[in-house]
Amino acid sequence: SPQRAGGTRRGDMTAGLLLVILGGLLEVCSGVSANRGGYPSFTDEIPFKITWPGAEFTLPTSGALYSEDDFVIMTTTEKEKYKCLLPSLTSGDEDDIKEYSGPSPGELLEPLFKRSSCSYRIESYWTYEVCHGKHIRQYHEEKETSQKISVQEYYLGNMAQKSQSTEVPTKNIEGQLTPYYSMEMGNGTPCVLKQNQPRATSVLYVCHPEAKHEILSVAEVTTCEYEVVVLTPLLCAHPKYRFKSSPVNTIFCQALAGSPLRPQRLVQLDKEQEEQLKPRKRAVECFNSPGEEAFTSTHKPMTVGGQTQVTVGTTHISRLTDDQLIKEFLSGSYCLHGGVGWWKYEFCYGKHVHQYHEDKEQGKNIVVVGSWNADEHIEWAKKNVARSYQLKDDGVQKVKLVSHFYGHGDLCDLTGKPRQVIVKLKCKESESPHAVTVYMLEPQTCQYILGVESPVICRILDTADEHGLLSVSS
């Protein structure tokens, strides 16, 4: 008969999650004893993993605590039986919290607000500026001529209001249940999509002992409402805002009554997933030429909760010689990649523009944004500016930008028409001759602008003909 002894609400949740995790394999699950009133609601903020140790193993002495009496018996549809030991709620730092009588989190952060310091995050197109307690700004600077700089900017919030909550909220950040202190910033730039309501942002301050107030992430959680996560060492003096010692709670499931170490169907599922991943691994290996460094970040990686975060901004492209690179780029055999967040972008000159998302389980999801047709581009170029000039300081007129039309993308559900994109290739001077920035804008539904900026492009822009078409310079 199913057994369950002792435990806490978290133990009940753990057992319930065990049912969810192994739902397709299990026939019987007893995770809650008769007097506990059913399964609680589940949350992904408490991460779990299941391990399958042999009969002889020692329970860990640090992190989550375990009791030999706190377990459930699980039976699979193949009648395989497992005794699963559950972690308890105690984390070992309750005494530190009870004894703490120091400054409040707001007081700990006060030096950051008083000295009017600002933090920055540079992405492919936008730069984010968080001036703590003052404002949050999203902007893009563009040099129109040698003297004039054009700035496109939005204020995502102004005038911070201190958090009034006495509870310590938590958020799942890269699998780590993370406590944070929130500051609300309202009264930002009016949002056209929300009847000109002002933009607003929640700034979540998170303890990180080695941080220097870096911006970990910026996300638009709903239309014109944002969430910014900032890493700061100032909060770490408060025990309630430190990282938990055990980032992932382990459930130990031991085989009983001659059952295999791991359920047979789980072993079979793992093998199937391995087989599916093999061709993709080979494809990645073939993508980069020997000795070629395809992508490297210009930003310092930051480790949070045991996970490495990388701010993806301007990347470095191939180490091939410039002449070889330009020839391969113009032939469409060398493609440029960019983008941050969920969607990434692939641009193959004279071929296509793709938007894609890679998932470990479902593979690569590709949306064709536009496909090249020379005749269609020439017709577009007759009605639009395909080649723009700028006057250099020495009086020489140079091509600064060419625009190409790519149509016949995948059908757009919202408009009922194919997607299309204008690719803008721009000369951008940089300390690194192989730096490239790729970004995408969507000024109208399913009509895009793909910006590609790099020093490599400077060499070939002056070969542009009246339609903006490029060739290998002689």
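Residues numbered from 1 in each chain as written. Predicted model: local features only at pLDDT ≥ 70, side-chain atom pairs only at ≥ 80, totals over all residues. Heavy atoms only, no water.

Caption draft 1: View of the state of the cysteines. All chains considered together, the criterion is met by seven disulfides. Across a sulfur-sulfur distance of 2.2 Å, Cys207 and Cys236 are joined as a disulfide pair. Since a negative S-S torsion denotes a left-handed disulfide, the Cys207-Cys236 link at about 105° is right-handed. One end of the pair, Cys207, is in strand β14 (residues 200–207); the other, Cys236, is in the loop between β16 (225–232) and β17 (249–256), and 29 residues separate them in sequence. One exposure class covers both Cys207 and Cys236, and it is buried. (Disulfide = S-S within 2.5 Å. Helix = DSSP H or I, 4+ residues; strand = E, 2+ residues; numbered from the N terminus. Buried < 20%, exposed > 50% of the residue type's maximum accessible area, 1.4 Å probe, protein only.)

Caption draft 2: Looking closely at the nonpolar core. Within the largest apolar cluster, 31 residues are counted, with the highest numbers of intra-cluster contacts made by Phe347, Val353, Leu425, Leu450, Val452 and Leu470. Sorting the residues of this core by element identifies α6 (322–331), β22 (344–348), β26 (397–406), β27 (420–427), β28 (435–444), β29 (447–454) and α8 (455–461) as the ones contributing at least two each. Those residues in contact with Val452 that sit more than four places away from it in its chain are Leu336, Phe347, Val423, Lys424, Leu425, Lys426, Val436, Thr437 and Ile457. Counting 26 residues, the second-largest nonpolar core is a separate cluster that includes Leu112, Tyr205, Ile215 and Val228. (Core = buried A, V, L, I, M, F, W, Y, C linked by side-chain atoms within 4.5 Å. Contact = heavy atoms within 4.5 Å.)

Caption draft 3: Representation of the pairing of strand β2 (residues 48–51) within the structure. Burial along β2 is one-sided: the residues Phe48 and Ile50 are buried and none of Lys49 and Thr51 is. Relative to β17, β2 runs parallel, the two being bridged by four bridges. Counterpart to Ile50 in the pairing with β17 is Ile251. (Pairing = 2+ DSSP bridges.)

Caption draft 4: Region of interest: the packing of aromatic side chains. In this structure the tally under the stated criterion is ten aromatic pairs. For the pair Trp52 and Tyr82, a centre-to-centre distance of 5.3 Å together with 80° between the ring planes defines the contact as edge-to-face. Highlighted residues: Trp52 in the loop between β2 and β3 (66–76) and Tyr82 in strand β4 (residues 81–87), separated in sequence by 30 residues. Take Trp52 and Tyr82: they sit in the same class, and that class is buried. Considering the side-chain rings of Trp380 and Phe405, the 6.2 Å spacing of their centres and the 15° angle between planes classify their relative orientation as stacked. Residue Trp380 is located in helix α7 (residues 374–383), and its partner Phe405 is located in strand β26; the two are separated by 25 residues in the primary sequence. (Phe/Tyr/Trp six-rings, centres within 6.5 Å; stacked < 30°, edge-to-face > 60°.)

Caption draft 5: Here's a closer look at the sheet that holds β22. On the basis of which strands lie adjacent, the open sheet formed by four strands has the order β21-β22-β23-β24 and antiparallel pairing. Each edge of the sheet is formed by a strand with only one pairing partner; in this case those strands are β21 (336–338) and β24 (363–371). Taking each pair of neighbouring strands and ignoring which way they run, the sheet shows an average axis angle of 20°. Two elements, β21 and β22, share three bridges in a ladder whose sense is antiparallel. Note on β22: the bridge partner recorded for Gly338 is Tyr345. (Axes fitted to C-alpha atoms, helices over the stretch in contact; angles between N-to-C directions.)

Caption draft 6: Up close: the pattern of salt bridges. Taken as a whole and judged by the stated rule, the model has six salt bridges. Of the charged contacts, one joins Arg262 and Asp270 as a salt bridge, the two residues approaching to 2.7 Å between their closest N and O atoms. The partner of Lys382 in a salt bridge is Glu379, and the shortest N-O contact between them spans 3.3 Å. A residue pair is termed a helical-turn pair when its members lie 3 or 4 positions apart in one helix, as Lys382 and Glu379 do in helix α7 at three residues. Here Glu379 falls in the partly exposed class, since its relative accessible area comes to 43%. Among the charged side chains, a salt-bridge network with shared partners connects Glu129, Arg137 and Glu153. (Salt bridge = Lys/Arg side-chain N within 4 Å of Asp/Glu carboxyl O.)

Caption draft 7: Summary view of α7. What α7 keeps buried is the set His377, Trp380 and Ala381. One side of α7 carries all its buried residues, which in axial view fall inside an arc of 100°. Turned more than 90 degrees off the buried face of α7, the exposed positions are Asp375, Lys382 and Lys383. Each element contacted by the buried residues of α7 is listed here: β26 and β27. With a side-chain oxygen lying 3.1 Å from the backbone nitrogen of Asp375, the N-terminal cap of α7 falls on Asn373. (Arc of directions from axis to C-beta. Polar contact = N/O pair within 3.5 Å; in protein donor to acceptor, adjacent residues only side chain to side chain.)

Caption draft 8: Main features of the environment of Glu80. Position of Glu80 relative to the elements: it lies in the loop between β3 and β4. Excluding anything up to four places from it in sequence, Glu80 contacts Met74, Thr75, Ser259, Pro260, Pro263 and Gln264. Within polar-contact distance, the side chain of Glu80 engages the backbone nitrogen of Gln264 at 3.2 Å.

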